[in-house]
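Structural description and commentary
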Amino acid sequence: PSIPPPLPHPVPVPRWPAFLWLTGLAALLARAAWIHAGFAWLRLRHFLPAAETLRERVQELAVRLGLRRRVRVLASERLRAPAAFGWVRPGVGVPGDFTARFAPAQQDVMLAHELAHLAARDPLWQLLADLVTAALWWHPLAWVARRQHRLAGELAADDASQALPDGPVVLAECLLTLGHEAADCPRAALGMAGFRSQLGRRV
């Protein structure tokens, strides 16, 4: 009987691409976990319940925007602009001097913007977008899509200003004011970056 030819040796598959991908994935996941843990720590240590009148106004705005869940309202001196947080227990954080620094109409329009984020469950969607971007960190389009997703969320939340009298105009004024504050203080405190992202297009 004829002897079959020897089987060719398998070509070794390089392992460095998988190692590189896992390194990038681990770094981005660690960064996301650090940011979320840091914000959670700030909420526990530096945030206090806001004034009762402000909490009542937030609940009224939430009902107007179709948000039926109870929304926590916390205040902190570390915030320079309102910020929405939480997809299990939704909440809005405001600066400690929020009611003194902004007129009532400005307060309402910024609160409506953050409540619109909560109504759309943006904190959860942003977390999922961060996870997908971490998995596809090597692809430039993943970062472009993440950036566009965040901008789309901001623009959609801006539409909530239409539920208030002169809301779009007041919102534009708020964005410009916060933009000037951030320009004067490049290392602005927590909350500023989220509210004024893609400032020019939003105004």
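All of the points below concern the structure found in this document. (Residues numbered from 1 in each chain as written. Predicted model: local features only at pLDDT ≥ 70, side-chain atom pairs only at ≥ 80, totals over all residues. Heavy atoms only, no water.)

**Section: the overall build of the protein chain**
The helix and strand inventory of the protein chain stands at nine helices and four strands. Helices and strands in the protein chain line up, N terminus first, as α-β-α-β-β-β-α-α-α-α-α-α-α. Looking at the protein chain as a whole, 35% of its 203 residues qualify as buried. Across the protein chain, every contact between residues at least 6 apart in sequence was considered, and the portion connecting residues at least 24 apart equals 61%. Here the protein chain has roughly 12,700 Å² of accessible surface; of this, 65% comes from carbon and sulfur atoms. (Helix = DSSP H or I, 4+ residues; strand = E, 2+ residues; numbered from the N terminus. Buried < 20%, exposed > 50% of the residue type's maximum accessible area, 1.4 Å probe, protein only. Contact = heavy atoms within 4.5 Å. Areas by Shrake-Rupley, 256 points an atom, 1.4 Å probe, with all protein chains shown as cover.)

**Looking at the nonpolar core**
Core analysis: the biggest nonpolar cluster contains 29 residues, and Leu111 and Leu115 have the highest contact counts within it. Mapped onto this core, the elements with two or more residues apiece are helix H2 (52-64), strand S2 (72-76), strand S4 (91-95), helix H4 (104-119) and helix H7 (167-184). The element that contributes the greatest number of residues to this core is H4, accounting for seven residues. Those residues in contact with Leu111 that lie beyond four places of it in its chain are Leu54, Val58, Leu61, Val92, Val94 and Phe98. Grouped together as the second largest cluster of nonpolar side chains are seven residues, Phe39, Leu42, Ala83 and Phe85 included. (Core = buried A, V, L, I, M, F, W, Y, C linked by side-chain atoms within 4.5 Å.)

**Some points on the sheet that holds strand S3 (residues 83-85)**
The sheet built from four strands is open, its strands ordered S1-S2-S4-S3 with mixed pairing. Taken across any chain shown, the strands that pair with only one partner, and hence form the sheet edges, are strand S1 (48-49) and S3. Pairing between S1 and S2: two bridges, direction antiparallel. Looking across to S2, one finds that Leu48 is bridged to Ala75. (Pairing = 2+ DSSP bridges.)

**Brief notes about the packing of aromatic side chains**
Under the counting rule described, the total for this entry stands at three aromatic pairs. With a centroid separation of 5.7 Å and an interplanar angle of 65°, the aromatic rings of Phe39 and Phe85 are classed as edge-to-face. With Phe39 in helix H1 (residues 16-46) and Phe85 in strand S3, the pair connects residues that are 46 residues apart, well separated along the chain. When its relative accessible area of 17% is taken as the criterion, Phe39 is described as buried. The exposure class of Phe85 is buried, given its relative accessible area of 3%. Note on Phe98 and Phe102: the rings are 5.6 Å apart at their centroids and 55° apart in plane angle, and the pair reads as tilted. (Phe/Tyr/Trp six-rings, centres within 6.5 Å; stacked < 30°, edge-to-face > 60°.)

**Some details on a nonpolar patch on the surface**
There is a patch of nonpolar side chains on the surface, built from Trp21, Leu22, Val132, Leu136 and Trp138 and spanning about 490 Å² of accessible area. Locating Leu136 in the fold gives a position in the loop between helix H5 (122-135) and helix H6 (140-158). (Patch = residues over 30% accessible without salt bridge, like charges linked within 9 Å, V, L, I, M, F, W, Y side chains within 5 Å. Salt bridge = Lys/Arg side-chain N within 4 Å of Asp/Glu carboxyl O.)

**A short note on the side chain of Asp122**
Inspection of the secondary structure assignment puts Asp122 in helix H5. At 9.0 Å, Arg150 is the nearest oppositely charged side chain to Asp122, a buried residue that forms no salt bridge. Sequence-distant contacts of Asp122, defined by excluding residues within four places in its chain, comprise His117 and Gly153. (Lys, Arg positive; Asp, Glu negative; His and termini not counted.)

**Observations concerning the side chain of Ser76**
Mapped onto the secondary structure, Ser76 falls in strand S2. Judged by its relative accessible area of 2%, Ser76 is buried. Discounting residues that sit within four places of it in the chain, Ser76 has contacts with His46, Phe47, Val94, Pro95 and Gly96.

**As for unusual backbone geometry**
Residue Arg121 is not a glycine yet carries a positive backbone phi of 55°. Tracing the chain through its elements places Arg121 in the loop between H4 and H5. Even without being glycine, Asp166 reaches a positive phi, approximately 55°. Locating Asp166 in the fold gives a position in the loop between H6 and H7.

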